[in-house]
Amino acid sequence: QVQLVESGGGLVQAGGSLRLSCVASGITFSIYAMGWYRQAPGKQRELVATISSGGSTNYADSVKGRFTISRDNAKNTVSLQMNSLKPEDTAVYYCNAVMTLRGYTHWGQGTQVTVSS
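Since this is a predicted model, take the numbers as computed values, not measurements. (Residues numbered from 1 in each chain as written. Predicted model: local features only at pLDDT ≥ 70, side-chain atom pairs only at ≥ 80, totals over all residues. Heavy atoms only, no water.)

1. Focus on the packing of aromatic side chains
Where two aromatic rings form a pair, the distance of their centres and the angle of their planes describe that pair.
In step 1: Evaluated as defined, the whole model comprises 1 aromatic pair.
In step 2: Ring geometry for Y37 versus W107: centroids 5.1 Å apart, planes at 70°, classification edge-to-face. You can see Y37 sitting in strand β4 (residues 33-39) and its partner W107 sitting in strand β10 (residues 104-107), a full 70 residues away along the chain.
In step 3: A cation over a ring is seen here: R45 above Y94, with NZ or CZ 3.7 Å from the ring centre.
In step 4: Sitting above the plane of the W107 ring, R45 keeps its charged end 4.6 Å from the centroid. (Phe/Tyr/Trp six-rings, centres within 6.5 Å; stacked < 30°, edge-to-face > 60°. Helix = DSSP H or I, 4+ residues; strand = E, 2+ residues; numbered from the N terminus. Lys NZ or Arg CZ within 6 Å of the ring centre and 35° of its normal.)

2. Description of unusual backbone geometry
In step 1: Located in the positive-phi region is N76, a residue other than glycine, with phi close to 50°.
In step 2: Its place among the elements puts N76 in the loop between β7 (67-72) and β8 (77-82).

3. What about the environment of S53?
In step 1: Within the secondary structure layout, S53 lies in the loop between β5 (46-51) and β6 (57-59).
In step 2: The exposure class of S53 is partly exposed, given its relative accessible area of 39%.
In step 3: Ignoring anything within four residues of it in the chain, the contact list for S53 reads S30, I31, Y32, A33 and R71. (Buried < 20%, exposed > 50% of the residue type's maximum accessible area, 1.4 Å probe, protein only. Contact = heavy atoms within 4.5 Å.)

4. As for the sheet that holds strand β3 (residues 18-25)
In step 1: If you trace the 4 strands from one edge of the open sheet to the other, you get β1-β3-β8-β7, paired in antiparallel fashion. Since the sheet does not close on itself, it has two edges, and those belong to β1 (3-7) and β7, each with one partner. The average angle at which neighbouring strand axes cross in this sheet is 15°, direction not considered.
In step 2: Examined bridge by bridge, β7 and β8 share 6 bridges and lie antiparallel to one another. When the sheet's bridge partners are listed, S70 is paired in β8 with S79. (Pairing = 2+ DSSP bridges. Axes fitted to C-alpha atoms, helices over the stretch in contact; angles between N-to-C directions.)

5. Quick notes on the side chain of N96
In step 1: For N96, the position within the fold is in strand β9 (residues 91-99).
In step 2: The class of N96 is buried, set by a relative accessible area of 4%.
In step 3: At 3.1 Å, the side chain of N96 forms a polar contact with the side chain of T105.
In step 4: Among the polar contacts listed, one links the side chain of N96 to the backbone oxygen of H106, at a separation of 3.3 Å.
In step 5: Filtering out sequence-adjacent residues up to four positions away, N96 remains in contact with L4, A33, M34, G35, Y37, T105, H106 and W107. (Polar contact = N/O pair within 3.5 Å; in protein donor to acceptor, adjacent residues only side chain to side chain.)

Structure representation (C-alpha cells):
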C-alpha cells in the first residue's frame, strides 16, 4: 500500500519560514519524480515545485528564490524549505509521487500552511 505522509505545516507570520516533509512508503522512492502542490480555498490545485529522480528541480514562478525542494532517497523523503513566506502562500500543501513511464501517480493527504499578515 502506497502512503505519502506530509508534516511540517502550521501557522507562521509573513516573512517567516517553514519546512515541509513527506515520507513515502510502498514505492521504490528513488525512481519516482516527487513534487509539492498546493490548493488555496476556492482555487485549483497548482504546482509548487518538482524534483526528478535524477535531482533536477522545477519551481512555479511565484516561489522561485524563496522555496527549495530536495530529496533524500535513503530516507524516502522529499522536503520543501519555504522562506520569506507571504499570505498568498496560504494553502493546503500536497506531496505527489509520479512514475511517468507507468502512469502511476500518488498523493498525500495534505498539510495546512497559513501565513498571517
